[in-house]
Amino acid sequence: MLDHEYNLLLERLDKKFGAQRQFFVFADTVAARTFKQHNESHGWLGIRVQNQPRGEPKQIIIHVRMLDEANVDQQEALGVIGVNLLYGAFYHNEPEKLISSLQENLAPGRIEVDMIKFSGAAFAKIDNRLMSLQLVSQGLTNAVMFTADGETVQPAEVFHKKAILVERGSFRPVTYATNDMLDGARGVFLKQCHCSEEDLVVLMEMTLENLLSEGQLNHADFLARVDVLGALGRTVLISKFGEYYRLAGYLSRYKNRMVGLVMGVPSLMEIFDEKYYLNLEGGILEALGRMFKGELKLFVYPMVDEQSGKIVTATQLEVAPNLRSLFQYLIDNRFIEEITHFHPEYLRIYPPDALAKLQSGDSGWERMVPPEVVKIIKERQFFGYRTPVAA
């Protein structure tokens, strides 16, 4: 639409006004709520504008979800965010300020912006992955997604008619254990969902809370993690879902096939810690009800008990006495699956240990991560990498 309208504008007006005027075009395509249908209400909005007469245009495209119940309210919210986008394209030279201005004069909970893409010579130095991160950190959406090559994508399009397998982590760095966990879950998942690799979306998820663990967003560190995952061909999801039940709720919005969450035994222990659900009226029962209301399963990677040296699997986990029957119910009904195919030698590989060795000049970290990861970390000096000191 933007291509067509912009070319038409130049064809009709450039000869007469092109030397004195800046041209712009705006386009949108929207599926709003109707009286008969209550499907997902969403739309695309885009603007292409010249910075100077006959200059190369810059372009901004966003995808929005309209959250109002009434059609007329959705129209109003769409109009407001459209005006904000137009104003920002002309008057905000810094993309971060443009993003923060998109929801001006809109009450919280009316519009969600889950994708933004800047292009053109004026934005040549802009990394759209950082702009996606801004959408989450500034509260315009709860999650954003981009592919291994850094392309920002709209989640609903990626998830359409696909089974979903998600592994959460810090990925600082990706280790052999990270991949072993995913590979062990993937084989079982594909058999249970009766689908092929082509019908499967694998996501590596990082939470905003994890990215803020040092107190503020470190863009270089964030891009390092994403580039490492990109080197492995992984699609990345950045979310604000600290609790797994919130992540499950988000995925249930899109899925029409099976969803699998991949985790280690320590994460399963956290899921059964009631202190994380004090904000819910129904406590842990409400959280687990939300998590498992659809076709969702947990695929759990074993761990080594450092005191006894024994391997602890999902079914051997000790939970609080008052939760044992609930835990056993989930095991018996196969909502929780053990990952049985794994490499025992990888169970003692921990990302913090690899990171510490990497930063101290101890070459031992290279035996803890895949070759592709070693290569990119060394080439780009990621994560505070230090060259090993000669003995």
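Our subject is the structure listed above.
Throughout what follows, the structure given in this document is the object of discussion. Please read all numbers here as calculations on a predicted model, not as lab measurements.

### Focus on the layout of surface pockets
Which parts of space are left empty comes out when a probe the size of a water molecule is rolled across the atoms.
Okay, step 1: Looking at the largest pocket, its volume works out to about 1,300 Å³.
Okay, step 2: In this structure, the largest pocket is lined by 47 residues; those nearest its centre are Arg-168, Gly-169, Ser-170, Pro-266 and Ser-267.
Okay, step 3: If you tally residues by element for the lining of the largest pocket, the top one is helix H10 (residues 265-271), at four residues.
Okay, step 4: In the lining of the largest pocket, the residues fall into 26 nonpolar, 12 polar and nine charged.
Okay, step 5: Approximately 180 Å³ is the volume attributed to the second largest pocket.

### Describing a nonpolar patch on the surface
Okay, step 1: A contiguous nonpolar surface patch, about 440 Å² in accessible area, is contributed by Phe-24, Tyr-87, Phe-90 and Tyr-91.
Okay, step 2: If you tally residues by element for the nonpolar patch, the top one is helix H2 (residues 71-91), at three residues.
Okay, step 3: Within the secondary structure, Tyr-87 sits in helix H2.
Okay, step 4: Judged by relative accessible area, Tyr-87 falls into the partly exposed class, the value being 47%.

### Focus: the side chain of Asp-114
Okay, step 1: Residue position: Asp-114 is located in strand S4 (residues 111-119).
Okay, step 2: In this structure, Asp-114 is buried with no salt-bridge partner, the nearest side chain bearing the opposite charge being Arg-65 at 5.2 Å.
Okay, step 3: One polar contact links Asp-114 to His-63, side chain to side chain, over a distance of 2.8 Å.
Okay, step 4: Excluding its chain neighbours within four sequence positions, the residues that come into contact with Asp-114 are His-63, Arg-65, Leu-135, Thr-141, Ala-143, Val-144, Gln-154, Pro-155 and Tyr-254.

### Structural notes on the nonpolar core
Okay, step 1: One finds Ile-60, Ile-62, Ile-81, Ile-116, Phe-222, Ile-238 and Ile-377 to be the most contacted residues of the largest nonpolar core, which totals 78 residues.
Okay, step 2: Per element, the largest residue contribution to this core is seven residues, and it comes from helix H6 (residues 176-193).
Okay, step 3: Beyond its immediate sequence surroundings of up to four residues, Ile-60 is in contact with Leu-45, Gly-46, Ile-47, Leu-85, Ala-89, Leu-98, Ile-116, Lys-117, Phe-118 and Phe-123.
Okay, step 4: Membership of the second largest hydrophobic core comes to 43 residues, among which are Val-153, Tyr-245, Met-263 and Val-319.

### With respect to the state of the cysteines
Okay, step 1: Applying the stated criterion across every chain, the model contains one disulfide.
Okay, step 2: Through a disulfide, Cys-193 is tied to Cys-195; the S-S separation comes to 2.3 Å. Across the disulfide from Cys-193 to Cys-195, rotation about the S-S bond amounts to roughly -50 degrees, and the bridge is consequently left-handed.
Okay, step 3: According to the relative accessible area criterion, Cys-195 is buried, its value standing at 12%.

### Details of the sheet that holds S4
Okay, step 1: One open sheet holds the four strands; their spatial order is S1-S2-S3-S4, and the pairing between them is antiparallel. Strand pairing shows two members of the sheet lacking a second neighbour, strand S1 (24-31) and S4, which therefore form its edges. This sheet shows a mean twist of 15 degrees between the axes of neighbouring strands, independent of strand direction.
Okay, step 2: Pairing of S1 with strand S2 (residues 42-50), which is carried by eight bridges, proceeds in the antiparallel orientation. Bridge pairing links Val-25 to Arg-48 in S2.

Rules and cut-offs
- Residues numbered from 1 in each chain as written.
- Predicted model: local features only at pLDDT ≥ 70, side-chain atom pairs only at ≥ 80, totals over all residues.
- Heavy atoms only, no water.
- 1 Å grid on protein atoms, 1.4 Å probe; cavity = no way out; pocket = protein on both sides within 12 Å on 5 of 7 lines; lining within 4 Å.
- Points joined across faces, edges and corners; volume = space filled by probe spheres on them.
- Helix = DSSP H or I, 4+ residues; strand = E, 2+ residues; numbered from the N terminus.
- Nonpolar A, V, L, I, M, F, W, Y, C, P; charged D, E, K, R; others polar.
- Patch = residues over 30% accessible without salt bridge, like charges linked within 9 Å, V, L, I, M, F, W, Y side chains within 5 Å.
- Areas by Shrake-Rupley, 256 points an atom, 1.4 Å probe, with all protein chains shown as cover.
- Salt bridge = Lys/Arg side-chain N within 4 Å of Asp/Glu carboxyl O.
- Buried < 20%, exposed > 50% of the residue type's maximum accessible area, 1.4 Å probe, protein only.
- Lys, Arg positive; Asp, Glu negative; His and termini not counted.
- Polar contact = N/O pair within 3.5 Å; in protein donor to acceptor, adjacent residues only side chain to side chain.
- Contact = heavy atoms within 4.5 Å.
- Core = buried A, V, L, I, M, F, W, Y, C linked by side-chain atoms within 4.5 Å.
- Disulfide = S-S within 2.5 Å.
- Pairing = 2+ DSSP bridges.
- Axes fitted to C-alpha atoms, helices over the stretch in contact; angles between N-to-C directions.

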